[in-house]
Amino acid sequence: MTPEFMQTMTPDKAAATTPVIAIVGPTATGKTAFAVAVAKAAGGEIVSADSRQVYRGMDIGTGKDLCEYGSVPYHLIDIADAGEKYNLYRYLKDADAAICDIAARGRIPVICGGSGLYVESLIKGLRPPEVPQNPQLRENLAGKSLAELTEILSAMKQLHNNTDTDTPQRAIRAIEIEGYYRLHPEEARQAREGTPRKALVVGVSVDRDVRRTRISRRLDARLKEGMVAEVQHLLDSGIPAENLIYYGLEYKFITEYLQGKYSLDEMHRLLEIAIHQFAKRQMTWFRGSEQRGMHIEWLDGSLSPDIFAAKVMEMYHSRFPNS
């Protein structure tokens, strides 16, 4: 489809007609560099699908690496204040708007990220409602252990992974959402059934041992770069510690270290373990996405970005010859 024709279309029509490319995979697989190469080859722009890179001031811990984008435009990075609780509802609304804007200008949206729930929901065209907080429920659940909350949630829905149950706060929110869905079945249906978006989803495959080595080296590099100082600055700016802990991983463990819960060595060891476990959960999610009907083409993460991009574009034009 030619850019000239695309520019005569309404944004919604352009978004519905233009197939997107999604570059997915667990952390430390080099997704950003590959997505940038694909965007350059496709004449596209990147739409981030990272649940934490939306926050301003959370740069080192989320691995924004904005220098990698060069001249490639990107969207949905630095769009919320640190301390907020950005959610799936907001992400899908913002991502749809970004995709409409990109497609209406005759360019190809390239989704990049490791937040499997965001990617899968976006590709499947799901429309979850904005679920309000339930103060009474939260009061009733306050003080329950994570194990107890997980048991309550598992009785309400099938748990495909433990993303909803990695902290008590997230588990309570998941119970809150599921309770709302039970009272509003039509909104629950819209959240679970959608019109799939035309998409080529490409996963970056990296050997487990290579990924583990990359994670360890990257953690050391980020600590040297000033990740502890970044978290301290966020705390000093008035963001409550519990809000940073809610974000998990780097922000959870470093905040707890600054609170005196761990020594520096203990924090490093526990955080490293947590990131390895997180990468494993990400792969579990994407494998589950395939079982739930989202086809992923896996490419070797040892390829150079240019060769990776060439293979992606070959698949894209083969699958969508009129695009």
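A brief look at the structure comes next. Note that the structure is a prediction, hence the values are computed from the model and not measured.

## Quick look at the overall build of the protein
Piece 1. Helix and strand counts for the protein stand at 15 helices and eight strands.
Piece 2. For 323 residues, the compact-globule formula gives about 20 Å, and the C-alpha radius of gyration of the protein, at 20 Å, lands near that figure.
Piece 3. Here the protein holds 323 residues, and the buried ones make up 49% of them.
Piece 4. Taking as baseline every contact in the protein between residues at least 6 positions apart, the subset at least 24 positions apart corresponds to 73%.
Piece 5. On the protein, roughly 15,400 Å² of surface is accessible, and the fraction owed to carbon and sulfur atoms is 51%.
Piece 6. Taking the 40 positively charged and 42 negatively charged side chains of the protein as two groups, their mean positions are separated by 3 Å.

## Overview of the sheet that holds strand 4 (residues 74-75)
Piece 1. If you walk across this open sheet you meet the six strands as 4-2-6-1-7-8, and the pairing is parallel. Pairing within the sheet leaves two strands with one partner each, and these edge strands are strand 4 and strand 8 (297-300).
Piece 2. Note: strand 2 (residues 44-48) against strand 6 (residues 108-113), five bridges, orientation parallel. Bridge assignment links E45 to a residue of strand 6, and that residue is P109.
Piece 3. Contacting strand 1 (20-24), strand 2, strand 6 and strand 7 (199-205), helix 3 (residues 31-42) runs over the sheet at an angle of about 175° to strand 6.
Piece 4. Of the strands in this sheet, strand 1, strand 2, strand 4 and strand 6 touch helix 4 (residues 88-104), which is tilted by about 175° from strand 2.

## Describing the pairing of strand 1
Piece 1. Within strand 1, five of the five residues are buried, leaving the element largely enclosed by the surrounding structure.
Piece 2. Alternating residues of strand 1 divide into V20, A22 and V24 and I21 and I23, and every residue in both groups is buried.
Piece 3. With five bridges joining them, strand 1 and strand 7 adopt parallel strand pairing. Within strand 7, the residue paired with I21 across the bridge is L200.
Piece 4. Across four bridges, strand 1 lies against strand 6 in parallel orientation. The residue bridging A22 from the neighbouring strand is I111, located in strand 6.

Rules behind the numbers
- Residues numbered from 1 in each chain as written.
- Predicted model: local features only at pLDDT ≥ 70, side-chain atom pairs only at ≥ 80, totals over all residues.
- Heavy atoms only, no water.
- Helix = DSSP H or I, 4+ residues; strand = E, 2+ residues; numbered from the N terminus.
- Rg over C-alpha atoms; globule rule 2.2 N^0.38 Å.
- Buried < 20%, exposed > 50% of the residue type's maximum accessible area, 1.4 Å probe, protein only.
- Contact = heavy atoms within 4.5 Å.
- Areas by Shrake-Rupley, 256 points an atom, 1.4 Å probe, with all protein chains shown as cover.
- Lys, Arg positive; Asp, Glu negative; His and termini not counted.
- Charge placed at Lys NZ, Arg CZ, Asp CG, Glu CD.
- Pairing = 2+ DSSP bridges.
- Axes fitted to C-alpha atoms, helices over the stretch in contact; angles between N-to-C directions.

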